[in-house]
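Fold and contact review
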Amino acid sequence: MGGGFAVRPVVHLVGCGTRPTGDLPGFAAALRGDGWDPYIVPSPVGLRFLDVAAAEGESQHAVHWDFVPDAPEELPQAQAVVVAPATFNTITKLAVGAADTLALAVAAEAIGARRPVVVAPWANASLSSHPVYARSLRALQEWGVIVLPGDQTQPFPWTPLREHLARIRTGLVAEFDGA
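Residues numbered from 1 in each chain as written. Predicted model: local features only at pLDDT ≥ 70, side-chain atom pairs only at ≥ 80, totals over all residues. Heavy atoms only, no water.

1. Digging into the sheet that holds strand β4 (residues 117–121)
Read across the open sheet, the five strands follow the order β2-β1-β3-β4-β5; overall the sheet is parallel. Bordering the open sheet on either side are β2 (37–42) and β5 (146–147), each of which pairs with just one other strand. Across six bridges, strand β1 (residues 10–15) lies against β2 in parallel orientation. Across the sheet, residue G15 finds its bridge partner in β2, namely P42. (Pairing = 2+ DSSP bridges. Helix = DSSP H or I, 4+ residues; strand = E, 2+ residues; numbered from the N terminus.)

2. Regarding the side chain of S136
Take S136: it is sitting in helix α6 (residues 131–142). Accessibility expressed as a relative area gives 4% for S136, which makes it buried. A distance of 2.7 Å separates a polar side-chain atom of S136 from the backbone oxygen of V132. With residues up to four places along the chain from it excluded, the contact list for S136 reads I91, T92 and A95. (Buried < 20%, exposed > 50% of the residue type's maximum accessible area, 1.4 Å probe, protein only. Polar contact = N/O pair within 3.5 Å; in protein donor to acceptor, adjacent residues only side chain to side chain. Contact = heavy atoms within 4.5 Å.)

3. A closer look at the pattern of salt bridges
Taken as a whole, this structure holds five salt bridges when the rule is applied. Across the pair R19 and D23 runs a salt bridge, and its minimum N-O distance is 3.1 Å. A salt bridge links R32 to D37; its shortest N-O distance comes to 3.1 Å. With a relative accessible area of 16%, R32 lands in the buried category. The exposure class assigned to D37 is buried, which follows from its relative accessible area of 14%. (Salt bridge = Lys/Arg side-chain N within 4 Å of Asp/Glu carboxyl O.)

4. A short note on the packing of aromatic side chains
In the structure shown here, the tally under the stated rule is four aromatic pairs. Seen in terms of ring centroids, F88 and Y133 are 5.9 Å apart; in terms of plane orientation they differ by 20 degrees. Their pairing is stacked. Linking F88 in helix α3 (residues 88–95) with Y133 in helix α6, this pair joins segments that are 45 residues apart in sequence. Across this residue pair, the class does not change: F88 and Y133 are buried. Their ring planes at 50 degrees and their centres at 4.4 Å tell us that F156 and W158 sit as a pair that is tilted. Three or more aromatic residues joined by ring pairs form one cluster here, namely F27, W122, F156 and W158. (Phe/Tyr/Trp six-rings, centres within 6.5 Å; stacked < 30°, edge-to-face > 60°.)

5. A look at the environment of I91
Relative to the elements of secondary structure, I91 occurs in helix α3. For I91, a relative accessible area of 1% corresponds to the buried category. A C-alpha to C-alpha distance of 9.6 Å links I91 and A120, two positions 29 residues apart in sequence.

6. Here we look at the side chain of S43
Considering the arrangement of structural elements, one finds S43 in the loop between β2 and α2 (52–59). A polar contact of 2.9 Å, which involves the side chain of S43, links it to the backbone nitrogen of G46. With near-sequence residues (within four places) excluded, S43 lies in contact with G15, C16, G17 and A103.

7. Things to note about the environment of V52
Its location among the elements puts V52 in helix α2. Residues V52 and E142 lie 90 residues apart in sequence; the distance between their C-alpha atoms is 34 Å. Setting aside residues no more than four positions away along its own chain, V52 makes contact with L47 and V63.

Okay, structure coming up:
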C-alpha cells in the first residue's frame, strides 16, 4: 500500500437525518480510491436516508448505526471522522458532548482523542439562525474541528470535503513515516 501505511487509514463517515446522507455510498467509494478505509455510521434518522446495501457494497463494510455488543464486524477506531451531512441537531448535541447514538459517540470520541474531525453543516436558514447553532459551531472550531462552510442553498460540499480528507491523509502518512 502506498504512502507508508501497511493498511488503509480508517475514516468514519457519519451521516445525519437529511437527504445528502443518501450520497455517502458514492463518497465512500471515492475515498476508497483515495486510499481510505471508510465505514459508514449513520445516525438513527440518517439510516432512513441511506441505501444500506449500496453503502455496504461501496464501503466494503457493514453499516454501523447502533451500539451492538456482539456485532459480527466490530467498528475499528478511526484515524479521522467526517460528519457529513451534519444537521442542526447533531451539531448542537456534539457541541455539548452528547454521545447518545453511535454516530455522536464516534465523533465525540474523536474530538476527545484529538483525532481529525471534519463537519459539513447542512441546516436550513431558520435553524442556521438559531442562537445556539453559531455558538455550537464556534465551540467545535475551538476544539480543533474543521467546519466547512455550507448551507442548503448550495450543493452539498463533497469536493471540498474530499480535499480536506486528502490533506488529513497526507498528514497521517507523514506522521506514520516519521514514527
